[in-house]
Amino acid sequence: MALKFIEGKKKLIFCISLALLMSLQYEFLISVAQGRNETVSGYQYHDFITANETVSYNFNPSNVNFEIFSNDLIELNIEYESDIRDRQAFFIVNTNNSLILNISTRASINRYNLADFPQEPSRGNNRYQYRYNCIYKIRSNQTIENLTLRYVKNAQFELDSNKRYSITLFESSLESWEIMDTIEIENETSPYLESSISNLSSNTDYYITIYEIENIPYDWTWLFILIAIGVIFGVLSLAILISRKDYFQYLRTRTIPVEKGAHRLSLEQVLENENRGKIIDLILKKPGIHFNELLREMDIAAGNLVWHLDILETYKVVGKKRIGNFVAYFPYYQKNPLSNIDLKLQKSKLTLEILEMIEREPGIWNNFITKRMKVDHKTIQYHINKLIELNLINFKKEGRKKKIYPNFDSEYYKKKNDDNL
């Protein structure tokens, strides 16, 4: 009887221990799934982030929140400048190796010890204003395959929900801040800005911040001139309409296999949609147009634009190509859509002349081109930026000079060489 009592007691203890162990494992799994929160009393922190872990750092009392996720082990060193307040960022790191990641912030690029400071970003009829007062400097000892950046867009972190913003990037091979493809994504609480950077080199400093986008006010002194040449604009509109008609005829008569996937539309249904018609018009008018420019011109939600572009790509009505950090869209031809770079260069005589000069004299630099062509340096920089976007040139820093070379590995030059054979 006593023996049975002892055995029963052992079984009870075993069951209780097993239940306790399972409970601890469950709590651990829940904590990993929900992520880890760290409260930081100062302005810098050192930590280890395990694979597939999300960690949120709250810096008090400055109301700064930094969140990070990685698919591999990271040793993180992060430091905020003491006068940076009310800021938030979420970094999603995709890497093939464990790494050491150093992140620091400054309110101004002038507070970093740079040999040359970047010029302000510029694109189209927009003015870019730096009011965010927080620049992240990122440096890793290993290559980062992809870095996704997210910023919550609300007043708490001084991003006005009614204004437009673009995430920008700078590194030593660039002359100015590079405007990244930035999309705004809605969720249940607040919208957020998102952009991605691919192939960040090891032991290289990258600077990331946010610029506010403003439309350049219209110059009403040109009103009478525009009225006087209104007929010309009418002719141009007609030319665009005819171009669209011819393109639709080409799409209807070509013979090319199309994998529709989940879509069940006919080609006519694809082409008849009003929003998709507008997208096609913009791409025909501006081959190589970027996603953000399409988003501004269309004035529809980013999700809707992505949906319509997916349909147009599936039915091979338009094609896309990543050029640097941008996604560019082209009319779909059976040849590589990048061949349309020829069209973009033909439309800009000065851009083509600069490229030809770089081909003849590889290793020249911006100021050399400015003096040789006797054109304002801002104009030259604008066309240099176009060549960067088209992936047609490379930079190599020698001393304080950033020498420019043709990128003969680009598809443009490969096609050019094939055509000459």
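Being a predicted model, the structure only gives us computed values, none of them experimental. (Residues numbered from 1 in each chain as written. Predicted model: local features only at pLDDT ≥ 70, side-chain atom pairs only at ≥ 80, totals over all residues. Heavy atoms only, no water.)

Colleague: Lay out the side chain of S195 with the relevant residues and their values.
Modeller: As for its placement among the helices and strands, S195 is situated in strand β14 (residues 192-200). Classification of S195 by relative accessible area gives buried; the value is 3%. A distance of 2.9 Å separates a polar atom in the side chain of S195 from the backbone oxygen of D181. (Helix = DSSP H or I, 4+ residues; strand = E, 2+ residues; numbered from the N terminus. Buried < 20%, exposed > 50% of the residue type's maximum accessible area, 1.4 Å probe, protein only. Polar contact = N/O pair within 3.5 Å; in protein donor to acceptor, adjacent residues only side chain to side chain.)

Colleague: Go over the sheet that holds β14 with me, naming the residues and quoting the values.
Modeller: Ordered in space as β1-β3-β4-β6-β10-β14-β13, the seven strands form an open sheet in which the pairing is mixed. Each having just a single partner strand, β1 (36-40) and β13 (183-185) make up the two edges of the open sheet. Direction aside, the axes of adjacent strands within the sheet are offset by 20 degrees on average. Note that strand β6 (residues 87-94) and strand β10 (residues 144-152) share five bridges and pair antiparallel. For V93, the partnering residue across the bridge sits in β10 and is L147. (Pairing = 2+ DSSP bridges. Axes fitted to C-alpha atoms, helices over the stretch in contact; angles between N-to-C directions.)

Colleague: Give a detailed account of the packing of helix α5 (residues 274-285) against helix α6 (residues 291-298), specifying residues and quantitative values.
Modeller: Taken N-terminus to C-terminus, the directions of α5 and α6 make an angle of 130 degrees; their axes are 11 Å apart at the nearest point. With respect to α6, the axis of α5 lies oblique. Regarding α5 and α6, the two cross each other, and that crossing is right-handed. When α5 is examined against α6, the residues N275, K278, I279, L282 and I283 are found in contact with a partner set consisting of L294, E297 and M298. Of the residues assigned to the contact of α5 with α6, the class counts are five nonpolar, one polar and two charged. (Parallel < 35°, antiparallel > 145°, perpendicular 65-115°, else oblique. Left-handed = near helix turned anticlockwise from the far one by under 90°. Contact = heavy atoms within 4.5 Å. Nonpolar A, V, L, I, M, F, W, Y, C, P; charged D, E, K, R; others polar.)

Colleague: So what's going on with α6? Residues and values would help.
Modeller: Buried within α6 we find F291, N292, L294, L295 and M298. The arc that holds every buried residue of α6, seen down its axis, measures 160 degrees, which confines them to one face. Elements that come into contact with the buried residues of α6 comprise β13, α5, β16 (289-290), α7 (302-314) and β18 (326-331). (Arc of directions from axis to C-beta.)

Colleague: Go over the confidence of the model for the protein with me, naming the residues and quoting the values.
Modeller: Per-residue confidence for the protein gives a mean pLDDT of 80; residues scoring 70 or more make up 78%. Below a pLDDT of 50 lies the segment residues 24-33, which in the model reaches zero contacts outside its immediate sequence neighbourhood of four places, other chains included. Below a pLDDT of 50 lies the segment residues 334-340, which in the model reaches 15 contacts outside its immediate sequence neighbourhood of four places, other chains included. (pLDDT = per-residue confidence, 0-100.)

Colleague: Can you tell me about unusual backbone geometry, naming the residues and giving the values?
Modeller: Residue P61 follows N60 across a cis peptide bond; omega there is 0 degrees. Relative to the assigned elements, P61 resides in the loop between β3 (53-59) and β4 (64-70). With a phi angle near 55 degrees, K374 is a residue other than glycine that sits in the positive phi range. On the secondary structure map, K374 appears in the loop between α10 (366-373) and α11 (377-389). Of the residues examined, K374 reaches a relative accessible area of 77% and is grouped as exposed.

Colleague: Outline α5, listing residues and values.
Modeller: In a regular helix each residue adds 1.5 Å, so twelve residues correspond to 16 Å; α5 covers 17 Å between its end C-alpha atoms and thus fits that length. Buried within α5 are the following residues: R276, G277, I279, I280, L282, I283 and L284. One side-chain oxygen at the N-terminal end of α5 lies 3.0 Å from the backbone nitrogen of N275; it belongs to N273. (Expected span 1.5 Å × (residues − 1).)

Colleague: Describe the environment of E259, listing the residues and the values that go with them.
Modeller: Secondary-structure assignment places E259 in the loop between α3 (230-253) and α4 (267-272). For E259, a relative accessible area of 69% translates into the label exposed. With 57 residues separating them along the chain, E259 and K316 place their C-alpha atoms 9.3 Å apart.

Colleague: Account for the pattern of salt bridges, with residues named and values stated.
Modeller: For the structure on display, the rule yields 20 salt bridges. A salt bridge links R36 to D47; the shortest N-O distance between them is 3.0 Å. Taken together, the residues span a long stretch of sequence, with R36 in strand β1 and D47 in strand β2 (residues 44-49) at a distance of eleven residues. For E274, the salt bridge goes to K278, with nearest N and O atoms at 3.6 Å. A residue pair is termed a helical-turn pair when its members lie 3 or 4 positions apart in one helix, as E274 and K278 do in helix α5 at four residues. (Salt bridge = Lys/Arg side-chain N within 4 Å of Asp/Glu carboxyl O.)

Colleague: Hey, could you go over the side chain of S62 for me, with residue numbers and the actual values?
Modeller: When you line up the elements, S62 lands in the loop between β3 and β4. Classification of S62 by relative accessible area gives buried; the value is 3%. Dropping the residues within four chain positions of it, S62 is found in contact with Y43, I84, R85 and D86.

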